[in-house]
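Examining the three-dimensional arrangement
Given next are the chains, with one letter for each unit.
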Amino acid sequence: MKPITIESRLTNRGHYVPGMISGGTLYISGQLPVHHETGEPVSGDIVRQTEDALHNVELVLTAAGCTKESVVMCRLYIPDVAYWDEVNETYARFFGNHRPARVIVPSRELHGGALVEIEAVAEVPAP
């Protein structure tokens with residue numbers, strides 16, 4: 001296994017790494033809509049938060065030598081199914097023609113008041 005880390009001004013208080021490669025597959029831990037480059041906390045509406053969380057997924061993909069077209073599966077957690085349409089539209093803009101398998105899970109409150117958390121699984125290109 002190979003852990004994947006990203007540059008961040010935030011302190012990771014959880015017992016995990018942003019990504020882990022095992023057997024040619026990248027597993028991306030749940031990404032919240034925080035700003036690793038600036039250290040800014042969660043802010044904005046569901047569209048902005050989804051964009052920010054997807055950006056963080058992309059940071060992990062890049063650190064692992066992958067692209068968003070490498071993504072096989074995503075799980076998105078939202079506190080209310082009422083956000084589904086806006087999250088779906090934002091997700092579609094991010095991925096474009098690529099359509100990974102996906103589930104959107106209405107859950108309860110998310111960490112730090114976030115409105116979305118996204119985890120992903122991707123294929124790692126052969127060396």
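So, a few notes on the structure that sits alongside this text. (Residues numbered from 1 in each chain as written. Predicted model: local features only at pLDDT ≥ 70, side-chain atom pairs only at ≥ 80, totals over all residues. Heavy atoms only, no water.)

Concerning the overall build of the protein chain
Quick reminder of the rule: Under the scheme used here, helices are H or I runs from DSSP no shorter than 4 residues and strands are E runs no shorter than 2 residues, and both carry numbers assigned from the N terminus. The atom set for the radius of gyration is the C-alpha atoms, and the globule formula is 2.2 Å times the number of residues raised to the power 0.38. We call a residue buried when its accessible area falls under 20% of the maximum for its residue type, exposed when it is over 50%, and partly exposed in between, using a 1.4 Å probe and counting protein chains only. Throughout, a residue-residue contact means that at least one pair of heavy atoms, one from each residue, lies within 4.5 Å. Each accessible area is a Shrake-Rupley result for a 1.4 Å probe, and residues are judged covered by the shown protein chains and nothing else. Just so you know, the count uses Lys and Arg for positive and Asp and Glu for negative, and it drops His and the chain ends. By convention, the charge on Lys lies at NZ, on Arg at CZ, on Asp at CG and on Glu at CD.
A count of helices and strands for the protein chain gives 2 helices and 6 strands. In the protein chain, the succession of α and β elements from N to C terminus is β-β-β-α-β-α-β-β. Computed over its C-alpha atoms, the radius of gyration of the protein chain comes to 14 Å, within 12% of the 14 Å expected for a compact globule of 127 residues. Counting only C-alpha atoms and orienting by the principal axes, one finds that the protein chain spans roughly 40 × 35 × 20 Å. When the 127 residues of the protein chain are sorted by exposure, 36% land in the buried category. Here the analysis covers contacts within the protein chain between residues at least 6 apart in sequence; of these, 70% occur between residues at least 24 apart. Roughly 7400 Å² of accessible area belongs to the protein chain as shown, and the carbon and sulfur atoms make up 51% of that amount. Of the side chains in the protein chain, 10 bear a positive and 16 a negative charge, and the two mean positions are spaced by 3 Å.

Comments concerning the layout of surface pockets
The cut-off we apply is this: Here a cavity means grid points, on a 1 Å grid over the protein atoms only, where a 1.4 Å probe fits yet cannot get out; a pocket means an open set of points with protein on both sides within 12 Å along at least five of seven lines; lining residues are those with an atom within 4 Å of a point. Grid points are joined across faces, edges and corners, and a volume is the space filled by probe spheres set on the points. Each residue is assigned to one of three groups, with Ala, Val, Leu, Ile, Met, Phe, Trp, Tyr, Cys and Pro labelled nonpolar, Asp, Glu, Lys and Arg labelled charged, and all others, Gly among them, labelled polar.
Taken as a whole, the largest pocket spans an internal volume of roughly 640 Å³. Forming the boundary of the largest pocket are 21 residues, of which L10, T11, N12, Y16 and V34 lie nearest the centre. A class-by-class count of the residues in the lining of the largest pocket yields 8 nonpolar, 11 polar and 2 charged.

Here's the deal with the side chain of S70
Among the secondary structure elements, S70 is positioned in the loop between α1 (46-63) and β4 (71-78). Contacts of S70, omitting those with residues within four sequence positions, involve V121, A122 and E123.

Some points on the nonpolar core
A general trend in soluble globular proteins is that nonpolar side chains are found buried together. We count it as follows: Side-chain atoms within 4.5 Å link the members of a nonpolar core, which is a set of buried Ala, Val, Leu, Ile, Met, Phe, Trp, Tyr and Cys residues.
Within the largest apolar cluster, 27 residues are counted, with the highest numbers of intra-cluster contacts made by L26 and L61. Going through the elements one at a time, β3 (25-31), α1, β4, α2 (84-95) and β6 (117-123) are the ones with two or more residues in this core. When residues of this core are assigned to their parent elements, the largest contribution, 6 residues, is made by α1. Not counting chain neighbours up to four residues away, the residues in contact with L26 comprise I4, G19, M20, I21, V60, L61, A64, C66, A120, V121, A122 and V124.

Details of the pattern of salt bridges
Spelled out, the test is: A carboxyl oxygen of Asp or Glu within 4 Å of a side-chain nitrogen of Lys or Arg is what we treat as a salt bridge.
Counted by the stated rule, this structure contains 3 salt bridges. In this structure, D52 and R48 form a salt bridge, with 3.2 Å as the shortest nitrogen-oxygen distance. Of this pair, D52 and R48 both sit in helix α1, separated by 4 residues, roughly a single helical turn. Using a relative accessible area of 9% as the deciding quantity, one classes D52 as buried. Two residues, E119 and R75, come together in a salt bridge whose shortest N-O distance is 3.6 Å. Highlighted residues: E119 in strand β6 and R75 in strand β4, separated in sequence by 44 residues. Here R75 falls in the partly exposed class, since its relative accessible area comes to 29%.

Keep in mind that these numbers describe shape and distance, not what the molecule does.
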